[in-house]
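This is what each chain is made of:
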Amino acid sequence: NSWPNTPDILTEFLQYGGRAAFVQRLVLAATLTANYGIYGPAFELQEHVAREPGSEEYRDSEKYQLRDWDLTRTDSLAEVVARMNRIRRANPALHSDRSLRFHHVDNDEIVAYSKSSEDGENVVLVVVNLDPHWRQAGWIHLDVEALGLAHDQGFQVHDLLGDGHFRWHGAHNYVELDPHVLPAHVFLVRRLDRTERDYAHFV
C-alpha cells in the first residue's frame, strides 16, 4: 500500500511544495502500487501547515480535535482524486505490481515507469515531474519490449489525466511537464492503428 499522506505524518515536501506536490504524490501512490490510500479531507484540501518548523505533525491534527471540513472549496483536489480512481478502475495494468518497469530519463527530476496487464493488452506509462516548482523536460528512453512494441514502431499515447493525445515513435521520446498545469502524464499506450478514426485525433 502507498500513502501520500497519513493522519500522523505531514512531510516537508507537502508543507512547501504547493498543489503540484499533492498531485505528484497522488499519481505516484495511485500508480506505483496495486493499492493506495489517503488521509482524505486533509489531502483533498491540501493541509500543509506543520505544528512548528521542523515538525512533520499537522498544526491542527485530528488526533486531538474534531474538524469541520469544507469539502466544497474550489481549490479541493477531489476531482483529481476521483479522476485517478477512475483511471485505476479502467486499467487492469494498475491492479498489480508484477509488471512494474522503470524507464530511463535523461533528467533526474523526471521519473517514468510502466505497467502491463497479464494479457499485455492494457499498457500504462506514467511520467511524473518530481520538481513541484519548475517546469522540467527530458528524453525518455523506453524499454519498448516492456511496452509490447517494436524498436522502430510508431504508437499513440493518450494522457488519461490531462486528456492529451500524442504520436510517438520508437524508444526515444520527449516530454515536458509544467507542475503548475499538471505535473504528471498517465499515458494509455496504443499500438498505432492507421485508421481514419484514429487519425482524426491528431489533425
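Residues numbered from 1 in each chain as written. Predicted model: local features only at pLDDT ≥ 70, side-chain atom pairs only at ≥ 80, totals over all residues. Heavy atoms only, no water.

Draft legend 1. Seen up close, the sheet that holds strand β7 (residues 172-177). Reading across the sheet, the eight strands line up as β6-β5-β8-β3-β2-β1-β4-β7 and stay open at both edges, with antiparallel pairing between neighbours. If you trace the sheet from one side to the other, it starts and ends with β6 (165-169) and β7, each paired once. In this sheet, neighbouring strand axes are inclined to one another by 30° on average, regardless of whether the strands run parallel or antiparallel. As judged from the five bridges shared by strand β5 (residues 154-159) and β6, these two strands associate in the antiparallel manner. Its bridge partner being in β6, Val 157 is matched across the sheet by Phe 166. Along the sheet, helix α2 (residues 18-32) contacts β1 (101-105), β2 (110-116), β3 (123-129) and β8 (184-191); its crossing angle with β2, the most-contacted strand, is approximately 30°. (Pairing = 2+ DSSP bridges. Helix = DSSP H or I, 4+ residues; strand = E, 2+ residues; numbered from the N terminus. Axes fitted to C-alpha atoms, helices over the stretch in contact; angles between N-to-C directions. Contact = heavy atoms within 4.5 Å.)

Draft legend 2. Seen up close, the nonpolar core. Residues Leu 26, Val 27, Met 84, Val 126, Val 128, Leu 161 and Val 186 are the most contacted members of the largest nonpolar core, which totals 32 residues. Ranked by residues supplied to this core, first place goes to α2 with eight residues. In contact with Leu 161, not counting residues within four places along its chain, are Val 27, Arg 83, Met 84, Ile 87, Leu 182, Ala 184 and Val 186. Membership of the second largest hydrophobic core comes to 19 residues, among which are Val 127, Val 144, Leu 149 and Leu 177. (Core = buried A, V, L, I, M, F, W, Y, C linked by side-chain atoms within 4.5 Å. Buried < 20%, exposed > 50% of the residue type's maximum accessible area, 1.4 Å probe, protein only.)

Draft legend 3. Molecular detail of the packing of aromatic side chains. In total, this model carries seven aromatic pairs according to the counting rule given. Aromatic pair Phe 102 and Tyr 113: ring centres 5.6 Å apart, planes at 55°, arrangement tilted. With Phe 102 in strand β1 and Tyr 113 in strand β2, the pair connects residues that are 11 residues apart, well separated along the chain. Pairing Phe 155 with Trp 168 gives two aromatic rings, centres 6.1 Å apart and planes at 80°, and the pair type is edge-to-face. (Phe/Tyr/Trp six-rings, centres within 6.5 Å; stacked < 30°, edge-to-face > 60°.)

By themselves, these are just geometric observations and shouldn't be taken as functional.
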